[in-house]
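Spelled out, the chains give:
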Amino acid sequence: MERTYQEAAPTRAEIDALSGPALLEFGTNWCGYCRAAQPLLAEAYADHPGIRHFKVEDGPGRLLGRSFRVKLWPTMIFLQDGKEVARVVRPASAGEIRDAFAKIAQPG
């Protein structure tokens, strides 16, 4: 699991070309909602360590976040083969995140 939001973001084309499950998370390192969500994410992610996690710093003019219509932080987009399968915005529990992971997790 990534720990800090990264300024360098993949392009939308790179995200669309992904194969398999992935988590794309938007937020900022200074956002209180983002910081509060991290223990919830860590708890849910512990069961899915093999799923790729992109932690992208978002803000005005950031093209990747705009292409996914991100409005609030954190926004977690759960992808399968580059396609959005589930979205969690400002999670209140690890269960919300777990439910989204279940939609992209590989069986077995």
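To keep things clear, this report deals only with the structure shown in the data block. Small disclaimer: the values here were computed from a predicted structure and weren't measured.

**Focus: helix H4 (residues 94-104)**
No. 1: Buried residues of H4: Ala94, Ile97, Ala100, Phe101 and Ile104, and no others. For H4, the buried positions fall inside an angular range of 125° around the axis, keeping them on one side. Across H4 from its buried face, at more than 90 degrees, point the exposed residues Asp99, Ala102 and Lys103.
No. 2: The inward-facing, buried residues of H4 abut strand S1 (21-27), helix H2 (32-45), strand S3 (75-80) and strand S4 (83-89).

**Structural notes on the sheet that holds S3**
In any sheet, the strands associate via hydrogen bonds between backbone groups, in a parallel or an antiparallel arrangement.
No. 1: Read across the open sheet, the four strands follow the order S2-S1-S3-S4; overall the sheet is mixed. With one partner strand each, in any of the chains shown, strand S2 (52-57) and S4 form the two edges of the open sheet. Taken pair by pair, the neighbouring strands of this sheet meet at an average axis angle of 20°, ignoring direction.
No. 2: Note that S1 and S3 share six bridges and pair antiparallel.

**Points about unusual backbone geometry**
For residues besides glycine, phi is generally negative; the peptide bonds are generally trans as well.
No. 1: That bond from tryptophan 73 to proline 74 is cis: its omega, -15°, falls within 30 degrees of zero.
No. 2: Within the secondary structure layout, proline 74 lies in the loop between helix H3 (63-67) and S3.
No. 3: You will see that arginine 69, though not glycine, has its phi angle at about 55°, which is positive.
No. 4: For arginine 69, the position within the fold is in the loop between H3 and S3.
No. 5: What makes arginine 69 exposed here is its relative accessible area of 61%.
No. 6: With a phi close to 45°, arginine 90 is a non-glycine residue in the positive phi region.
No. 7: Tracing the backbone through its elements, the reader meets arginine 90 in the loop between S4 and H4.

About the thresholds
- Residues numbered from 1 in each chain as written.
- Predicted model: local features only at pLDDT ≥ 70, side-chain atom pairs only at ≥ 80, totals over all residues.
- Heavy atoms only, no water.
- Buried < 20%, exposed > 50% of the residue type's maximum accessible area, 1.4 Å probe, protein only.
- Helix = DSSP H or I, 4+ residues; strand = E, 2+ residues; numbered from the N terminus.
- Arc of directions from axis to C-beta.
- Contact = heavy atoms within 4.5 Å.
- Pairing = 2+ DSSP bridges.
- Axes fitted to C-alpha atoms, helices over the stretch in contact; angles between N-to-C directions.

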